[in-house]
Amino acid sequence: MLPHDLKAEQFSGYPPEARKLAVSNIETLRQLPLSFLPNLLREVIEYDFKFPAERAEVSRELAQLNSLSPAQLKEWFQSFSQFQLSSKLESFDWVSQPAQFVEQLSAYLWSTHQLDAFRKAAIEYEDRLRSAMPPQPPPVRRLGIAVIGQGVASYDAPLFRNLREHGTYFSQVKPDNGVEILLNTVAARAKAYPVPYGHWYIEGGQQVDHSPLLTCVSYQALEPVRTALLRNMQAEIRRPGMGPEELRTHLARLSPTDLGMDKSGDFVLNYFQLKVFTEGSGTQIFSTTFTQWTAREALRRAQPLTMLVRFGPRQRQRPMNDLLANNVTPELDPLGSLIDADMGAYYNWINQQRLPMAEQSSFLVWFEGHNQALAIGPSLARGTASNSAADLGQLLSWAAG
């Protein structure tokens, strides 16, 4: 089947909001080339489980395509229309399984030496879309916070080396009630700017008391889910013929209820947490990997105004089969976790910089329980150090300008 044959009833298997969105835009969808359309449907079919920022982007993209004349649509998708696809791809159920189609399309384009041309067409499309749909500025400057080194008594090597050229290093920070001060700041922003999924607290260990206004994801709170997933993976790995590709496909089909998540909970957040575990490498077994990947995906998908990420100690490295078996009480590695988290904080800042109005955003990283921190903001000098005594609240106010 080709896109011009689309019928409304073919979207009957989509979730309610996704089905409504697809059917209301079916005339435009019929005009798109097969090499492109399933990529768009992959986003549409998950519309019900997306964050508001993602929903807005999908809706704006469809609205933009609807506004184009037939001649403009032809111009926008001329490059995509030139790709030669196999009859096997054309007969695939790409409406119901767009993600699986895209995987097969990628393999086919690679095998037929069309992948570079496809990548070029995709970049051209994104450039057109970005030009026609400039990003919306956030209602307040973004703030990112990373807390590293939980449980480390002392560390003499330099910290924040990758970030120092971008901000001010403070060596006389008052650590008293530091986590509480940071959480109160995030809560105050959540109260002042009540945006759904706009203010996050990501905890790599045991979560502490926090405002209910925050979207909280905790490694330890999700232990039952991680345990269920590891058991599921072990059972699948033992099956004859199960390889990496088959396991990946199996994980992609899991739902939150398959891993015991509460049916009455926040289904958008549950699907997000499920994807953190099923799409992230090592998120199921290392808390630092979980924390960094969760922050990355939350920034990319939810585009929050505020994010506090507190790294906890991960378990020590062991043979992979032992880690997946999850049948031994893990030995923690606080020092190694500090080194991981130091790099993770840098990645968090990089991912924050990819969001709109990044030049106006602020970022703070603090060595928990100690007097070292680094702050980045439009009003702070770059590549400098300060021995001024200040608490974390003062650093945040300086970073915000």
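Here the structure is a predicted model, which means the values were calculated and not measured.

Novice: Looking at this structure, I do not really get the sheet that holds strand β9 (residues 384-386). What am I missing?
Specialist: Think of a sheet as strands paired side by side through backbone hydrogen bonds, with each pair either parallel or antiparallel. Within the open sheet, the eight strands sit side by side as β5-β4-β6-β1-β7-β8-β2-β9. Their pairing is mixed. Edge strands, defined here as strands with exactly one partner in the open sheet, are β5 (215-218) and β9. Here the average twist between neighbouring strands, direction ignored, is 15 degrees. Of the strand pairs in this sheet, strand β2 (residues 168-170) and β9 are connected by three bridges, and their pairing is parallel. In the sheet register, Thr168 faces β9, and the bridge partner there is Thr384.

Novice: Is there a simple way to think about the pattern of salt bridges in this case?
Specialist: Side chains that carry opposite charge are capable of pairing whenever their charged atoms lie near each other. Applying the stated criterion to the full structure yields 18 salt bridges. In this structure, Asp127 engages Arg130 in a salt bridge whose closest nitrogen and oxygen atoms are separated by 3.0 Å. With Asp127 and Arg130 both in helix α9 (residues 115-132) and three residues apart, this pair spans about one turn of that helix. Assessed through its relative accessible area of 41%, Asp127 is described here as partly exposed. Glu203 is paired through a salt bridge with Arg310; the nearest N and O atoms lie 3.1 Å apart. Separated by 107 residues along the polypeptide, Glu203 in strand β4 (residues 199-203) and Arg310 in strand β6 (residues 306-310) bring together distant segments of the chain. The pair formed by Glu203 and Arg310 is uniform in burial state, with each residue classed as buried. Put simply, Glu43, Lys50, Glu54 and Arg301 are held in one network by salt bridges that share partners.

What counts and what doesn't
Residues numbered from 1 in each chain as written. Predicted model: local features only at pLDDT ≥ 70, side-chain atom pairs only at ≥ 80, totals over all residues. Heavy atoms only, no water. Pairing = 2+ DSSP bridges. Helix = DSSP H or I, 4+ residues; strand = E, 2+ residues; numbered from the N terminus. Axes fitted to C-alpha atoms, helices over the stretch in contact; angles between N-to-C directions. Salt bridge = Lys/Arg side-chain N within 4 Å of Asp/Glu carboxyl O. Buried < 20%, exposed > 50% of the residue type's maximum accessible area, 1.4 Å probe, protein only.

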